[in-house]
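Coordinates in review
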Amino acid sequence: MTAEEAKKKIDTLSRELEEHNHSYYVLSEPTISDYNFDQLLKELEKLEEQFPQFADENSPTKRVGGDITKKFNEVVHDFPMMSLSNTYSKDEIIDWENRIRKIADGEIDYVCELKYDGVAIGIKYVNGAMSRAVTRGDGTKGEDITNNVRTIRTIPMKLKGNHFPPDFEIRGEIFYPLANFQKLNEQREEAGEALFANPRNTASGTLKMQDSSIVASRGLDCYLYGVYSKETLADSHFQSVQSAGEWGFKIPSADHKMIAKCENIDQIMEFINHWDEQRHSLDFEIDGIVIKVNNYRQQEELGFTAKSPRWAIAYKFKAAEVTTVLDSVSYQVGRTGAITPVANLKPVLLAGTTVKRASLHNADQIEKLDLRVGDHVYVEKGGEIIPKVTAVDLAKRDVSAPEFKYITQCPECNTQLVRNEGDAKHYCPNDLGCPPQIKGKMEHFISRKAMDIEGLGSETIDQLHEEGIIHSIADLYDLKADQLLPLERMAEKSVENMLEGIEASKQVPFERVLFALGIRYVGETVAKKLARYFKTLDKLMSADAETLVAVDEIGERIAQSVVDYFANEEHQALINRLKNAGLQFEIPEEQFAGNTEKLKGFSFVISGVFERHSRDELKELIEKNGGKNSGSVSSKTSYILAGEGMGPSKREKAEKLGVQIISEADFEGMIM
Ligand code: IVH
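Everything numeric here is computed off the predicted structure, so don't read it as measured data. (Residues numbered from 1 in each chain as written. Predicted model: local features only at pLDDT ≥ 70, side-chain atom pairs only at ≥ 80, totals over all residues. Heavy atoms only, no water.)

**A look at the environment of Glu92**
Of note, Glu92 is situated in helix H3 (residues 90-103). A residue is classified by how much of its surface remains accessible, and Glu92, at 43% relative accessible area, is partly exposed. (Helix = DSSP H or I, 4+ residues; strand = E, 2+ residues; numbered from the N terminus. Buried < 20%, exposed > 50% of the residue type's maximum accessible area, 1.4 Å probe, protein only.)

Put into structure tokens, the structure is as follows:
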């Protein structure tokens, strides 16, 4: 393929992929199968590798992330990012509307919109291509988070059609869809990690992550609410939002009443009341309604105060809240032994559902609330799925109510609880003898991402545990058909399947076995890191905390948890049994034959085409010799391994950062 042909192909593929992306994510009308989409994306990736001079920073291949931002640059906004004046009072909305009618000339149209509860973003487009995305910051200057914003599928990188201004900024709100937020917390729970408190803060934290591939995996979303351009492109706000939709942005649907033109205060109130009632049916959080004067000429006439536009106001919803009585506090024991206190409440109706229980998080939270059994408490439903107790009505407290005492023994097995420094939660350390922990650990062990044992589900685990047939995961490997057949609901075929599934699990690779053990804080990613670094369980078991912390991304908390786990004799005995059963406790020799540490501590970016190796071969050589691969040049890059046709932008960046550029021959010399 000639360079010219390649450029053409890259252009058509990019356009085609963005088009499918728009249909899928913005319009929710898929126009291609996932498989075919992936094939096209792979084809584009390959061409971009072969012809790096044509790789575009707004290529659809950037959606999966990979670029690392070491430091987010500060950027001054072209137009300050102001805030909205807001109120919780409908009377003040009426006053505002009256004032507007007095100041502005002629008939006035309003636009009502949802007030998305997320993170404000300003995105600039030059000639239809995304050029930078900046956070609100202090309103005057924000942080450049373009690499991360490119991974949000509903934000176009190249605009559709050609009816957009050559240079403009669009502003909106990035948020964490509730379903994705819940999924994230479920994964964290499974890994024994602390849960995120709410979607807004998590969206904000996600956008500030250095590794854009993690941002890509989180599934953030965005609604756009304002176009800022030196040229006038429409007479009204409503019209310009519709235009933005035509350029490919995700805009609120007028059909679903997510945006509406209103002619008077009654229609405004109707919009507010509708969403005050319906807001919990949305898949994202809103904290109010924004009312804007529609016509741009009238907006200009009304102008701004020092902080906010006079032509807009936000009506904020009160968080859905009720009071009820705290009957008792109970405690749940998770699979890792973490104790979670739960408030048992007199049933009460809140935002459409009956609430009987609410989360209390941990002992500190109870102390902070100064909670006592019998108290009248405020219960609030925010973005979290489980409602929470936010305060106590002290005026209604029974003066004789005794102070609250947090438990000191495990409610399930009576073991003395421990609380490590820096941990918010108490733990039951009796992980091999505490029933919910035993069951939870076994369920985790057989789960899909761990040992993935076919023919064995959590109900069977419960049954076998209750019948006294299994006491630990190691017992699974001693199971015999004649123990199982007499049990209820055990047919010959299902017993056969189960035993085959257990047998097959002996081939599951080391990193998953390590994850399956359920060591606190050792989730999937950490297990992978540890397995690849130490290569055998014996080496991992003999590592001290200091050695562990030296591994990339392993902090002190994880290191200590690993050391504690393996120091326990019962765990050692369990591992011996699993070893004897034939589970994989090391990475097979052939996978790391010929490995060296010659490139340890060096990070490489590969660019261009090479004479003697393919790019994949080079990547593998880098890893085999202890180095790291990275997709983009940053101040962390040690070397750029450059072949034929290295992109000029990479070269420029390398020179600016003073990163050394080496040839294929130089590289070969380094690993000789
Ligand atoms: S218009 C001059 N419309 O609310 C500001 N803002 O204090 C014009 N927000 O951080 C903003 N939904 O990011 C506008 N439909 C909406 C909005 C909205 C959420 C956020 C905005 C800003 C805050 C305003």
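**A closer look at the site of the ligand**
Around the ligand there are 13 residues in total, and Leu84, Glu113, Leu114, Glu173 and Tyr225 lie nearest to it. Between an oxygen atom of the ligand and a side-chain N or O atom of Glu173, the distance comes to 2.4 Å. Within the contact set of the ligand, a nitrogen atom lies 3.0 Å away from a side-chain nitrogen or oxygen of Lys292. Starting from 520 Å² of accessible surface for the ligand in isolation, the protein chains cover 89%. For the shell around the ligand, the secondary-structure elements that each account for two or more residues are strand E3 (110-116) and strand E10 (286-293). In terms of residues, the shell around the ligand owes the most to one element, E3, which gives 4 residues. For the shell around the ligand, the class distribution of residues is 8 nonpolar, 1 polar and 4 charged. (Near = heavy atom within 4 Å. Polar contact = N/O pair within 3.5 Å; in protein donor to acceptor, adjacent residues only side chain to side chain. Areas by Shrake-Rupley, 256 points an atom, 1.4 Å probe, with all protein chains shown as cover. Nonpolar A, V, L, I, M, F, W, Y, C, P; charged D, E, K, R; others polar.)

**A short note on the sheet that holds strand E9 (residues 259-262)**
With respect to topology, 5 strands assemble into an open sheet ordered E2-E11-E10-E3-E9, the strand pairing being mixed. Across the chains shown, the open sheet's two edge strands, defined by having one partner strand only, are strand E2 (86-87) and E9. As paired strands, E2 and strand E11 (residues 312-316) are joined by 2 bridges and run parallel to one another. Looking at the pairing, Thr87 lines up with Tyr315 of E11. Against the sheet, H3 makes contact with E2, E3, E10 and E11, and its axis sits at roughly 170° relative to E11, the strand it touches most. (Pairing = 2+ DSSP bridges. Contact = heavy atoms within 4.5 Å. Axes fitted to C-alpha atoms, helices over the stretch in contact; angles between N-to-C directions.)

**Here we look at the side chain of Thr154**
Of note, Thr154 is situated in the loop between helix H4 (146-149) and strand E7 (167-175). At 2.7 Å, the side chain of Thr154 and the side chain of Asp221 are in polar contact. With sequence-adjacent residues up to four places away left out, Thr154 is seen in contact with Tyr25, Val26, Asp221, Cys222, Gly248 and Lys250.

**Here we look at the packing of aromatic side chains**
With the rule as written, the count across this model stands at 23 aromatic pairs. Note on Tyr331 and Tyr406: the rings are 5.3 Å apart at their centroids and 90° apart in plane angle, and the pair reads as edge-to-face. Separated by 75 residues along the polypeptide, Tyr331 in strand E12 (residues 320-333) and Tyr406 in the loop between strand E16 (388-392) and helix H12 (435-446) bring together distant segments of the chain. For Tyr331, a relative accessible area of 14% translates into the label buried. Through a chain of ring-to-ring contacts, three or more aromatic side chains come together here, namely Tyr125, Phe164, Phe168, Trp247 and Phe249. In this structure, Arg557 packs its charged tip against the face of Tyr521, placed 3.8 Å from the ring centre. (Phe/Tyr/Trp six-rings, centres within 6.5 Å; stacked < 30°, edge-to-face > 60°. Lys NZ or Arg CZ within 6 Å of the ring centre and 35° of its normal.)

**Remarks on the sheet that holds strand E8 (residues 221-229)**
Strand order in the open sheet made by the 4 strands is E5-E4-E7-E8, with antiparallel pairing throughout. Here the strands that pair on one side only, and so sit at the sheet edges, are strand E5 (129-135) and E8. Taking the axes of each pair of neighbouring strands and ignoring which way they run, one obtains an average angle of 30° across the sheet. Sheet topology note: the E7/E8 ladder contains 8 bridges and is antiparallel. Pairing of Ile174 across the sheet is with Cys222, part of E8. Of the strands in this sheet, strand E4 (119-126) and E7 are in contact with helix H6 (residues 199-207), which crosses E4 at around 40°.

**Description of H6**
Residues Pro199, Thr202, Ala203, Thr206 and Leu207 constitute the buried set of H6. One side of H6 carries all its buried residues, which in axial view fall inside an arc of 135°. Among the residues of H6, the N-terminal cap falls to Asn198, whose side-chain oxygen and the backbone nitrogen of Arg200 are separated by 3.1 Å. (Arc of directions from axis to C-beta.)

**A short note on the nonpolar core**
Residues Phe445, Leu476, Leu514 and Leu530 are the most contacted members of the largest nonpolar core, which totals 57 residues. Where this core is concerned, the elements lending two or more residues are H12, helix H13 (458-466), helix H15 (492-504), helix H16 (510-516), helix H17 (524-534), helix H18 (537-541), helix H20 (556-567) and helix H21 (569-581). Leave out the neighbours within four places in its chain, and Leu530 touches Leu514, Val522, Lys535, Leu540, Leu548, Ile554 and Val562. (Core = buried A, V, L, I, M, F, W, Y, C linked by side-chain atoms within 4.5 Å.)

Take it as geometry only, folks, not as evidence of what the structure does.
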